[in-house]
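Here is how the chains run, residue by residue.
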Amino acid sequence: MRIAICDDDKLWCEKAKQLLDSFFEQNGEKTEILSFYPSKELLDYQVSSIDLVFMDIELKEKGEGIITAGRLNEKWKHCQIVYLTNYLFYATEVYHTKHVFYVLKEQFEKKLGEIFHKIYHEQEQFHKKY
């Protein structure tokens, strides 16, 4: 699985990467985790598709992460989006895009199991459908 973290806070990106590395190590899974600081860097990424993006909603501009997620929905049809934010008030705005989960950054570590349970369920449903 190829995972991306897109956030304008480099310290948070590193923390999220460490939490994800630990989660996958405990579960015996192999992943590739990439970090993107400006959203343009993620949108310009051409090496291969990304399976999952942990997207900050508020990047340099309010709501920029939602706009970026919408573009990713078009670019990589099967890429799953998990919104990470410090703010609840974006919760209704994200429904303009296809996403799997919305989680507050302070709850990220505690919610990892729940997030990946839903991601794996969505993947299973997709494979059954096709």
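*Asks:* Which residues make up the overall build of the protein, and what values go with them?
*Replies:* Of regular secondary structure, the protein possesses four helices and five strands. Ordered by position from the N terminus, the helices and strands of the protein form the series β-α-β-α-β-α-β-β-α. The C-alpha radius of gyration computed for the protein amounts to 14 Å, which stays within 12% of the reference 14 Å derived for 130 residues, consistent with globular compactness. Looking at the 130 residues of the protein, the share that counts as buried comes to 45%.

*Asks:* Would you mind going over the pattern of salt bridges in detail, with residue names and values included?
*Replies:* Under the definition given, this model contains six salt bridges. Between Asp7 and Lys105 there is a salt bridge, with its nearest N and O atoms 2.7 Å apart. Here Lys105 lies in the loop between β5 (101-104) and α4 (108-129) and Asp7 lies in the loop between β1 (2-6) and α1 (10-26), a separation of 98 residues in the sequence. With respect to burial, Asp7 and Lys105 carry one shared label: buried. Salt bridges linked by common partners bring Asp7, Asp56 and Lys105 together as one network.

*Asks:* Give me the lowdown on the sheet that holds strand β4 (residues 80-85), citing residues and values where you can.
*Replies:* The five strands lie next to each other as β2-β1-β3-β4-β5, forming an open sheet whose pairing is parallel. A strand with exactly one partner marks an edge of an open sheet, and here the two such strands are β2 (32-36) and β5. If you compare each strand with its neighbour and ignore which way they point, the axes differ by 20° on average. Looking at chain direction, β1 and β2 are connected through five bridges and run parallel. If you follow Ile5 over to β2, its bridge partner there is Ser35.

*Asks:* Give a description of the pairing of β5 that names residues and reports values.
*Replies:* With burial as the criterion, each face of β5 is covered, one bearing Phe101 and Val103 and the other bearing Tyr102 and Leu104. In this sheet, β5 lies alongside β4 in parallel orientation, the contact comprising four bridges. If you follow Leu84 over to β5, its bridge partner there is Val103.

*Asks:* How would you sum up the state of the cysteines? Please name residues and give values.
*Replies:* Under the criterion given, the structure shown has zero disulfides. Note on Cys6: no disulfide assigned, nearest cysteine sulfur contributed by Cys13 at a separation of 7.2 Å. The class of Cys6 is buried, set by a relative accessible area of 0%.

*Asks:* Kindly report on the pairing of β4, identifying the contributing residues and their values.
*Replies:* Side chains on a regular strand alternate between the two faces of the sheet. Of all six residues making up β4, six are buried, and the element is well covered by its neighbours. Note: strand β3 (residues 52-56) against β4, five bridges, orientation parallel. Each residue of the ladder has a partner; that of Leu52, found in β4, is Gln80. Of the crossover connections in this fold, the one passing from β3 over helix α3 (residues 64-75) to the parallel β4 is right-handed.

*Asks:* Before we move on, could you go through the packing of aromatic side chains and cite the residues and values that matter?
*Replies:* Going through the model one piece at a time under the given rule, you end up with 12 aromatic pairs. Judged by centre distance (5.4 Å) and plane angle (80°), the ring pair of Phe54 and Phe108 falls under edge-to-face. Remark: Phe108 occurs in helix α4 and Phe54 occurs in strand β3; sequence separation between them is 54 residues. When sorted by exposure, Phe54 lands in the same class as Phe108, which is buried. With a centroid separation of 4.6 Å and 35° between ring planes, the pair formed by Phe89 and Tyr90 is classed as tilted. Accessibility expressed as a relative area gives 54% for Phe89, which makes it exposed. Through pairs of rings, three or more aromatic residues link up here, namely Trp12, Phe23, Phe24, Phe54, Phe108, Phe116 and Tyr120. Between the NZ or CZ atom of Lys10 and the centre of the ring of Tyr37, over which it lies, the distance is 4.8 Å.

Conventions used here
- Along each chain, residues carry numbers from 1 onward, in the same order as the chain's sequence is written.
- Local features in a predicted model are, by the rule used here, given only for residues with pLDDT of at least 70; side-chain atom pairs are given and counted only at 80 or more, and totals for whole chains, interfaces and linings are based on all residues.
- To get the side-chain values, all heavy atoms of the structure are used, and hydrogens and water are removed first.
- In this description a helix means any DSSP run of H or I spanning at least four residues, a strand means any run of E spanning at least two, and both kinds are numbered starting from the N terminus.
- Throughout, the radius of gyration refers to the C-alpha atoms, and the reference size of a globule is 2.2 Å times the residue count to the power 0.38.
- Relative accessible area decides the class of each residue, using a 1.4 Å probe on protein chains only: under 20% of the type maximum gives buried, over 50% gives exposed, and in between gives partly exposed.
- Just to be clear on terms, a salt bridge is a Lys or Arg side-chain nitrogen sitting within 4 Å of an Asp or Glu carboxyl oxygen.
- In this scheme, strands are said to pair when DSSP sees at least two bridges between them.
- Fitted lines through C-alpha atoms give the axes, limited to the stretch in contact for helices. The angle between two N-to-C directions lies from 0 to 180 degrees.
- Note on terminology: disulfide denotes any pair of cysteine sulfur atoms within 2.5 Å.
- Note on handedness: a clockwise path from strand one over the helix to strand two, with the strands aimed away from the viewer, defines a right-handed crossover.
- Any two of the Phe, Tyr and Trp rings considered here, Trp counted by its six-membered ring, make a pair once their centres fall within 6.5 Å; the pair's planes then place it as stacked at under 30 degrees, edge-to-face at over 60, or tilted in between.
- Only when the NZ of Lys or the CZ of Arg is both within 6 Å of the ring centre and within 35 degrees of the ring normal is a charge said to sit over the ring.

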